[in-house]
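Summary of structural features
Take a look at the letters that make up each chain.
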2 protein chains.
Amino acid sequence: MARALQITFLGTSAGVPTRARNVSAVALRFEQRAAVWLFDCGEGTQHQFLRTDLKTSQLSHIFITHLHGDHVYGLAGLLATCGLSGPGQLIRVYGPAGLPDYLEACGRLTQSDFSARVTAIIVSPGVIYEDEEFIVSCQPLRHRVPTFGYRVTEKERAGRFDVERAAALGIPAGPLYGKLKRGERVTLPDGRTFDGADLCTPPEPGRSVVYCTDTMYCETAIALAADADVLIHEATFAGPDEQLARVSLHSTATVAARVAAEARVKQLILTHISPRYTPGSDVDTNDLLREASAIFPDTILAYDFLRIDVPRHIAR
Amino acid sequence: MARALQITFLGTSAGVPTRARNVSAVALRFEQRAAVWLFDCGEGTQHQFLRTDLKTSQLSHIFITHLHGDHVYGLAGLLATCGLSGPGQLIRVYGPAGLPDYLEACGRLTQSDFSARVTAIIVSPGVIYEDEEFIVSCQPLRHRVPTFGYRVTEKERAGRFDVERAAALGIPAGPLYGKLKRGERVTLPDGRTFDGADLCTPPEPGRSVVYCTDTMYCETAIALAADADVLIHEATFAGPDEQLARVSLHSTATVAARVAAEARVKQLILTHISPRYTPGSDVDTNDLLREASAIFPDTILAYDFLRIDVPRHIAR
């Protein structure tokens, strides 16, 4: 059964928007749930929604990494627009201390009371959300202000019991099916024995997506990203500009690749690209990709509206 | 001498952005001064700058009509970006009470200290700014929150003294030129008399641009717009939706046209158009234009990136 988990990059520029890249935002769409989660919300994020088939009316959770403007200045406008689209929509916004104050001040001073529809939650390291299918956890990163990386982990899903095969084998429907579904061994009146595991498809491993921005190299990012299917990591600067990265507490493409390698993730996606790397400049975005790929081959460079279906890795 | 005064519409939608129209912002460019003034600053205004040849680095004055989100949510991002573009730029932001608090809260909670480069000024009715060439005044409008309309009035410019003609007439250069320049009458040693006015080009009347949004019909808008060259007035709703306009304290296209007619302006430009009027809907934006033009023929319907050179009306 396809339960697509889609990442859409809505903004991939660092600090300021450019004509090609908006400031930070990444959407995670749960196709079966008709739900969208958002990671960061730079100015113009609601405008980016308009250019995709993502619906702001499906937005239920927003995770903010930190309170720099290029990650939050789109929040008030997006929430105001969601409020106009229907009274029923409830949105949970997670982020560092200061986030509830920011939303309260924006709402109060612009006569937009978000409080009835929006719950702002201050996160601390560890699990911050859980439902039947997904767990969200966060860890502090290393930046100039309190910043958190987020991990969405899908729970393992039990295999599906093959009813048709059980019937074909002459196993009578009823309580025995329940036992087999739970993976137990049963013996029929005719003496034949069956192992539940043989009549179930293998359990589906859960997928995991990790979002780390803004940060310099840090152990907590590696721990958070351990064995993830997709790591989205900032790569504001190219290696030759390492000094700029150090001063501003950002990562080079090399750092992002090292984190990916040390966390043994399946795929790395670079984002939060400095606007200094444009076509025609001495160093361009392809250089960032080359730099990271030399260390971690399964690397992609994000661009606005890039869509990735998070793959399910059956064999581990 | 061309001293172009250009209006560029950066956002012409009411309440929420659409694919075609952003939320409110209008730029006024003073070509000779290399200066840009901005009226309102909805979310994504800095992005709209990127799609024009207007430079945020030339921005010196911002006038905010009121503190609804679709008029101010782009302010913090724009100011942050201006701060990154150079340390020297000073920006004055004018608006109703609450504006300084809004900027202070945005800056403090997102670690962006605007205070060194930005002065926020609470306006009250009357003249709020004056320099050698321009006067800006404001008047309260009628909306759900305190709202101001703004008028930019260019001062009349003295005519230019025709030096070549004076020389051809044999008038000796020196103190007599000064008198003639001031429009005085002089008598030469040879008995001939000259009137300064005959040797000067006529004074250039100043141009005026008025910006009224959001508001329902009000006398103060008419007084503010009296004899203006260009009146930019909101027309959120079409006549058949008058009830919606009344409830939300907005204007129909009819109201905008009445204000233009009663203020005897030269040209009316409709903006702040409800997103409900799209091509294919029962009432579309052409209907708004038709509705207003029937009352006030010199009407234009604004669209994003519409550019108007404010004409100089010599004969009055």
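Everything in this summary refers to the structure shown in the same document. Predicted model, so just to flag it, every value in this text is computed and none were measured. (Residues numbered from 1 in each chain as written. Chains lettered and ligands numbered in written order. Predicted model: local features only at pLDDT ≥ 70, side-chain atom pairs only at ≥ 80, totals over all residues. Heavy atoms only, no water.)

**A look at the overall build of chain A**
- A count of helices and strands for chain A gives 11 helices and 16 strands.
- Within chain A, the proportion of its 316 residues that are buried is 57%.
- Within chain A, residue pairs in contact and separated by at least 24 positions form 63% of the contacts whose partners lie at least 6 positions apart.
- Surface exposure of chain A reaches about 13100 Å², of which carbon and sulfur atoms provide 53%. (Helix = DSSP H or I, 4+ residues; strand = E, 2+ residues; numbered from the N terminus. Buried < 20%, exposed > 50% of the residue type's maximum accessible area, 1.4 Å probe, protein only. Contact = heavy atoms within 4.5 Å. Areas by Shrake-Rupley, 256 points an atom, 1.4 Å probe, with all protein chains shown as cover.)

**Observations concerning the side chain of B:S274**
All names here are of chain B.
- In this structure, S274 sits in the loop between β14 (267-271) and α11 (285-295).
- Since its relative accessible area comes to 9%, S274 is described here as buried.
- In this view, S274 contacts A14, T236 and F237; residues no more than four positions away in its chain are not counted.

**What to know about the interface of chain B and chain A**
- Between chain B and chain A, the contact holds 37 residues from the first and 37 residues from the second.
- Carbon and sulfur atoms make up 63% of the surface buried where chain B meets chain A, a total of about 2600 Å² over both sides.
- When residues of chain B are sorted by the area they lose upon contact with chain A, B:E43, B:Y73 and B:L109 head the list and together hold 26% of the total.
- Along the contact surface separating chain B from chain A lie zero salt bridges.
- The interface formed by chain B and chain A includes 12 residue pairs in polar contact (both at pLDDT 80 or more).
- When contributions to the side of chain B that touches chain A are tallied by element, the ones reaching two or more residues are α1 (45-50), α2 (69-72), α3 (75-85) and α4 (99-109) of chain B.
- Broken down by element, the residue count for the side of chain B that touches chain A peaks at six residues, all from α3(B).
- Looking at the side of chain B that touches chain A residue by residue, the class counts come to 16 nonpolar, 17 polar and four charged. (Buried area = accessible area lost by both parts, 1.4 Å probe. Salt bridge = Lys/Arg side-chain N within 4 Å of Asp/Glu carboxyl O. Polar contact = N/O pair within 3.5 Å; in protein donor to acceptor, adjacent residues only side chain to side chain. Nonpolar A, V, L, I, M, F, W, Y, C, P; charged D, E, K, R; others polar.)

**Notes on the relation of the copies chain B and chain A**
- The transformation that overlays chain B on chain A combines an axial shift of 0.0 Å with a rotation of 180 degrees, and the residual RMSD is 0.0 Å. Expressed as an axis order, the relation between the two copies is that of a two-fold axis. The position closest to the rotation axis in chain B is occupied by the C-alpha of B:G44, lying 2.6 Å away. (Least-squares fit on C-alpha atoms with pLDDT ≥ 70 in both.)

**With respect to the packing of aromatic side chains**
All names here are of chain A.
- On inspection of all chains with the given rule, the structure shows 22 aromatic pairs over all chains.
- Arranged with centres 4.9 Å apart and planes meeting at 20 degrees, the rings of F63 and Y94 form a pair that is stacked. With F63 in strand β4 (residues 59-63) and Y94 in strand β5 (residues 91-95), this pair connects stretches of sequence that are 31 residues apart. Judged on exposure class, the residue F63 and its partner Y94 are both buried.
- Through successive ring pairs, a cluster of aromatic residues spans F30, W37, F39, F63, Y94, Y129, F134, Y150 and Y211. (Phe/Tyr/Trp six-rings, centres within 6.5 Å; stacked < 30°, edge-to-face > 60°.)

**A closer look at the environment of B:E132**
Residues and elements named next belong to chain B.
- Along the chain, E132 falls in the loop between β7 (126-130) and β8 (134-140).
- Classification of E132 by relative accessible area gives exposed; the value is 74%.
- Along the backbone, E132 and K155 are 23 residues apart, and their C-alpha atoms lie at a distance of 7.8 Å.

**Overview of the environment of A:L10**
All names here are of chain A.
- With respect to the helices and strands, the residue L10 is situated in strand β1 (residues 5-11).
- The spatial distance from the C-alpha of L10 to the C-alpha of E184 is 47 Å, given a sequence separation of 174 residues.
- With residues up to four places along the chain from it excluded, the contact list for L10 reads N22, A25, V26, A27, L38, T45, Q48, F49, T52, L54, D304 and F305.

**Thoughts on the pattern of salt bridges**
Residues and elements named next belong to chain A.
- Here the structure, examined in full by the defined rule, presents 38 salt bridges over all chains.
- We note a salt bridge from E133 to R3, for which the minimum N-O separation is 3.5 Å. Linking E133 in the loop between β7 (126-130) and β8 (134-140) with R3 in the segment before β1, this pair joins segments that are 130 residues apart in sequence.
- Residue classification places E133 among the partly exposed residues on the basis of a relative accessible area of 25%.
- When salt bridges that share partners are traced, they join R3, R33, D131, E133, E154, E204, R207 and R312 into one network.

**Structural notes on the sheet that holds β4(A)**
Residue and element names in this part refer to chain A.
- Reading across from one edge, β6-β5-β4-β3-β2-β1-β16 is the order of the seven strands in this open sheet, with mixed pairing throughout. The two strands at the open ends of the sheet, each matched to only one other strand, are β6 (118-122) and β16 (307-309). Pairs of neighbouring strands in the sheet enclose a mean axial angle of 20 degrees, with direction left out of account.
- Of the strand pairs in this sheet, β1 and β16 are connected by three bridges, and their pairing is antiparallel. Each bridged residue has a counterpart across the sheet, and for T8 the counterpart in β16 is R307. (Pairing = 2+ DSSP bridges. Axes fitted to C-alpha atoms, helices over the stretch in contact; angles between N-to-C directions.)

Bear in mind that shape data such as this cannot, by itself, settle questions of function.
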